[in-house]
Amino acid sequence: MTRRTSRALVAAAAVTVASATAALLPSAGASAAAAPQARVFMVNPVQSSGDQSLADHKDAASDVPASAYATVALRNLDASGALSGRWAAVRSETGKPAKVADATSYDRHDDEFEQVMAYFWVNEAQEYLQGLGFGTELRGANDRVQPVRLNQWGSDNSFFTDKKDEIRFGKGGVDDAEDAEVIVHEYGHAVHEAQVPGFGGSAEAGAIGEAFGDYLGMEVGAAADAKYGWPMKTELACVGDWDSTGYTATAPHCLRRLDGTKTYADRVGEVHADGEIWSRALFDIRNELGARTADRIIVNAQFGFAPDTSFKDAALTTVATAQKMYGTQAAAAVRDAFRARAIPGV
Ligand SMILES: [Ca+2]
Ligand SMILES: [Ca+2]
Ligand SMILES: [Ca+2]
Ligand SMILES: [Zn+2]
């Protein structure tokens with residue numbers, strides 16, 4: 001038997017800081033036990049410390065102070081003792097597989113640490129979507145076991161492979177899975193693929209995919225900061241504060257931002273760069289309607305995007321979704337956000 005009750009999810013939603021929490025977990029027969037504990041970064045060490053001078057020196061544990069780690073519960077695990085559960089199955093291609101029983105002892109120098117980060121943050125991301133109603137009131141959005149693979153190859157480019165429905169994290173510069181915003185960015189691609197198989201078949205659809213990944217990375221991290229009481233000492237709009245220390249010269253270090261000023265006319269035909277047009281619109285919708293309402297609209301609308309959608313069609317679908325779910329005022333706020341990016345036909 002598994003422990004797939006909403007009661008379990010709710011009860012397990014708090015960080016387990018003391019054994020007292022174990023008493024809150026519902027009894028579910030022999031498998032009932034306190035969720036195992038693990039050490040993770042509070043999103044990423046730059047976001048939680050505000051220290052823009054943190055730098056990776058070949059994965060040295062001493063690069064990051066102990067205060068950047070938090071002890072959390074690993075929820076929804078199966079009984080295998082590996083990082084495998086309801087929403088994620090993590091495996092290491094080139095390093096030692098992490099053991100759940102040892103998950104409080106790893107630091108960033110251990111290959112197992114990134115495996116734990118990947119499990120925790122993929123689970124966290126799906127729980128966030130579940131909390132918005134996706135999978136219950138609304139259609140599920142990648143509500144299945146997400147395969148995740150980590151390797152130690154040098155390339156600094158994590159990616160989602162739609163052929164195997166698998167997320168892979170590499171280790172170039174700062175190890176990609178040391179930054180929750182990078183982990184959840186990739187999970188955003190998996191969400192899109194689950195919602196619309198083959199999504200990303202045009203330059204503009206590709207840009208929307210990058211934008212949503214950045215946006216979801218910010219959102220899941222911000223929600224975790226609020227839920228667990230973790231410090232957020234970097235700007236909300238800055239994505240990948242830690243991973244980007246490896247390739248950005250100036251502070252604040254951001255892989256990309258959600259508050260840029262690009263409009264449709266600024267397209268350059270590169271999906272990450274052009275994604276900043278779309279992600280700014282998502283950020284504006286959030287700031288206008290609040291995270292929960294905005295995210296229910298944004299994710300629900302994505303079910304209706306064509307795999308090779310244009311910005312225009314996707315924007316109009318999002319406006320229509322807002323109208324249907326929340327009425328005229330919400331639809332107007334969404335329309336305004338896309339109009340501010342000068343997306344044609346909106
Ligand atoms: Ca590492
Ligand atoms: Ca990296
Ligand atoms: Ca950030
Ligand atoms: Zn991406």
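Residues numbered from 1 in each chain as written. Chains lettered and ligands numbered in written order. Predicted model: local features only at pLDDT ≥ 70, side-chain atom pairs only at ≥ 80, totals over all residues.

1. Overview of the overall build of the protein chain
Along the backbone of the protein chain there are nine helices and eight strands. With 346 residues in all, the protein chain has 49% of them scored as buried. In the protein chain, 63% of the contacts between residues at least 6 apart in sequence involve partners at least 24 apart. (Helix = DSSP H or I, 4+ residues; strand = E, 2+ residues; numbered from the N terminus. Buried ≥ 20, exposed ≤ 12 C-beta atoms within 10 Å, placed from the backbone. Contact = placed C-beta atoms within 7 Å.)

2. Comments concerning helix 3 (residues 111–131)
For helix 3, with 21 residues, the first-to-last C-alpha span of 31 Å sits near the 30 Å given by 1.5 Å per residue. Taking burial as the measure, the 21 residues of helix 3 include 19 buried ones, the bulk of the element. The positive-phi residue at the C-terminal boundary of helix 3 is G133, with phi of around 105°. (Expected span 1.5 Å × (residues − 1).)

3. A closer look at the environment of G140
Here G140 lies in the loop between helix 3 and strand 4 (146–150). Exposure remark for G140: the 14 C-beta atoms within 10 Å place this residue in the partly exposed category. For the pair formed by G140 and A194, sequence separation is 54 residues and the distance between their alpha carbons is 9.0 Å.

4. Comments concerning the nonpolar core
Judged by nonpolar contacts, the single largest core of 92 residues is most densely connected at V116, M117, A118, V122 and I183. If you tally residues by element for this core, the top one is helix 3, at 11 residues. Contact partners of V116, with chain neighbours within four places excluded, come to A38, V40, L83, A98, A103 and Y106. (Core = buried A, V, L, I, M, F, W, Y, C linked by C-beta atoms within 7 Å.)

5. A word on the environment of S53
Within the element layout of this structure, S53 appears in the loop between helix 2 (45–49) and strand 2 (69–73). For S53, a count of 9 C-beta atoms within 10 Å puts it in the exposed group. For the pair S53 and H253, spaced 200 residues apart in sequence, the C-alpha to C-alpha distance is 9.5 Å.

6. Side note on the pairing of strand 1 (residues 37–41)
Of all five residues in strand 1, four are buried, a share of seventy percent or more. Bridge analysis of strand 1 against strand 2 gives five bridges, and the strand direction is antiparallel. Within strand 2, the position partnered with R39 by the bridge is T71. (Pairing = 2+ DSSP bridges.)

7. Points about the confidence of the model for the protein chain
The share of residues in the protein chain with pLDDT of 70 or more is 88%, and the mean pLDDT across the chain is 90. Mean pLDDT across the elements of the protein chain ranges from a minimum in helix 1 (residues 6–11), with 41, to a maximum in helix 7 (residues 291–302), with 99. Below pLDDT 50 for its whole length, residues 1–31 participates in 36 contacts with residues either more than four positions away or in separate chains. (pLDDT = per-residue confidence, 0-100.)

8. Quick look at the sheet that holds strand 6 (residues 166–169)
Sheet strands line up and pair through hydrogen bonds in the backbone, either parallel or antiparallel. Strand order in this open sheet of four strands is 3-4-6-5, and the pairing throughout is mixed. With one partner strand each, in any of the chains shown, strand 3 (88–92) and strand 5 (159–161) form the two edges of the open sheet. Averaged over all adjacent pairs, the angle separating strand axes in this sheet is 25°, with direction ignored. Strand direction decides the pairing type here: strand 5 and strand 6, joined by three bridges, are antiparallel. From the neighbouring strand, F159 faces strand 6, where its bridge partner is R168. On top of the sheet, helix 3 reaches strand 3, strand 4 and strand 6; it is set at about 165° to strand 3, its chief contact. (Axes fitted to C-alpha atoms, helices over the stretch in contact; angles between N-to-C directions.)

9. Side note on unusual backbone geometry
Cis geometry marks the peptide bond from A251 to P252, where omega comes out at -5°. Position of P252 among the secondary structure elements: in the loop between strand 7 (238–239) and strand 8 (256–257). Backbone geometry at D59 places phi at a positive 70°, although glycine is not the residue there. Judged by the 18 C-beta atoms lying within 10 Å of it, D59 falls in the partly exposed class.

10. Re the packing of helix 4 (residues 180–195) against helix 5 (residues 203–228)
Two quantities define a packed helix pair, namely the angle between the helix axes and the distance between the axes. Viewed as axis vectors pointing N to C, helix 4 and helix 5 meet at an angle of 130°, and their least axial separation amounts to 7 Å. Here helix 4 is positioned oblique relative to helix 5, judged by the angle of their axes. Regarding helix 4 and helix 5, the two cross each other, and that crossing is right-handed. Facing A180, E181, V184, H185, E186, Y187, G188, H189 and H192 of helix 4, the residues of helix 5 in contact are G209, F212, G213, D214, L216, G217, M218, V220 and G221. (Parallel < 35°, antiparallel > 145°, perpendicular 65-115°, else oblique. Left-handed = near helix turned anticlockwise from the far one by under 90°.)

11. Some points on helix 7
Between its terminal C-alpha atoms helix 7 stretches 16 Å, which fits the 16 Å expected from 12 residues at 1.5 Å a residue. Listed in full, the buried residues belonging to helix 7 are A294, D295, R296, I297, I298, V299, N300, A301 and Q302.

12. Some details on the environment of V299
One can find V299 in helix 7. A residue is classified by how many C-beta atoms lie within 10 Å of it, and V299, with 23 of them, is buried. Separated by 108 residues in the primary sequence, V299 and V191 place their C-alpha atoms 9.0 Å from one another. Setting aside anything within four residues of it in sequence, one finds V299 in contact with L129, L132, F134 and A141.

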